[in-house]
Amino acid sequence: MSSLRAPSRLSVAMGGLFGARHNPRLADPKLEALRRMAVLSWHHGYTVPTSALTAFTDAGYTIAQYETLLGSIASARLARKPQA
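Cut-offs and rules
Residues numbered from 1 in each chain as written. Predicted model: local features only at pLDDT ≥ 70, side-chain atom pairs only at ≥ 80, totals over all residues. Heavy atoms only, no water. Helix = DSSP H or I, 4+ residues; strand = E, 2+ residues; numbered from the N terminus. Contact = heavy atoms within 4.5 Å. Polar contact = N/O pair within 3.5 Å; in protein donor to acceptor, adjacent residues only side chain to side chain. Core = buried A, V, L, I, M, F, W, Y, C linked by side-chain atoms within 4.5 Å. Buried < 20%, exposed > 50% of the residue type's maximum accessible area, 1.4 Å probe, protein only. Phe/Tyr/Trp six-rings, centres within 6.5 Å; stacked < 30°, edge-to-face > 60°. Lys NZ or Arg CZ within 6 Å of the ring centre and 35° of its normal.

**Regarding the environment of Gln-65**
Within the fold, Gln-65 resides in helix 4 (residues 63-80). Separated by 31 residues in the primary sequence, Gln-65 and Leu-34 place their C-alpha atoms 9.9 Å from one another. Look past the residues within four positions of Gln-65 in its chain and what remains in contact with it is Phe-56 and Gly-60. A polar contact is formed between the side chain of Gln-65 and the backbone nitrogen of Thr-62, at a distance of 2.8 Å.

What follows is the structure, encoded as C-alpha cells:
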C-alpha cells in the first residue's frame, strides 16, 4: 500500500542524503493505473474506492478486465495458502 502514496518530505530528504529511493510508479499511465488497481485489489478485494475504479476505467480498462484482475488475485491468494 505504501507504494501508492506520494513520498513524504522526510523521505525525499533522506533519499537526497543516502541515495534516491526506488520509484515504484510506472512511466506508462495505463500500466500505472493497472498497478495501482492490482495493489488496491490485493489488499481490499472488491471494496476498492470508487475513485480508483473510475481512474482504472478512465485509463482504458473495462469492468470485465477489472473482474479478470480480481479473479487472478483470488487464484494467487488460494495458491499461497498452506495446504491442510
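What follows picks up the thread again.
**Let's talk about the nonpolar core**
Of all hydrophobic cores here, the largest spans ten residues; its members are Met-37, Leu-40, Val-48, Ala-52, Phe-56, Tyr-61, Tyr-66, Leu-69, Leu-70 and Ile-73. Looking at this core, the elements with two or more residues in it are helix 2 (29-44), helix 3 (50-58) and helix 4. The element contributing the most residues to this core is helix 4, with four residues. If sequence neighbours within four positions are ignored, Met-37 has contacts with Val-48, Ala-52, Leu-53, Phe-56, Tyr-66 and Leu-69.

**Here we look at the packing of aromatic side chains**
For any two aromatic rings, the description comes down to two numbers: the centre-to-centre distance and the angle of the planes. For the coordinates displayed, the defined rule picks out three aromatic pairs. Ring plane angle 85° and centroid distance 6.4 Å describe the contact between Tyr-46 and Tyr-66, whose orientation is recorded as edge-to-face. With Tyr-46 in the loop between helix 2 and helix 3 and Tyr-66 in helix 4, the pair connects residues that are 20 residues apart, well separated along the chain. Ring centres 4.6 Å apart and planes at 10° place the aromatic pair Phe-56 and Tyr-61 in the stacked group. Comparing Phe-56 with Tyr-61 shows no difference in burial state: the two are buried. Each residue in the set Tyr-46, Phe-56, Tyr-61 and Tyr-66 is aromatic and connected to the rest through ring pairs, giving one cluster. Taking the ring centre of Tyr-61 as reference, the NZ or CZ of Lys-30 above it sits at 4.9 Å. Looking at Arg-77, its charged tip hangs above the ring of Trp-42, at a distance of 4.7 Å from the centre.

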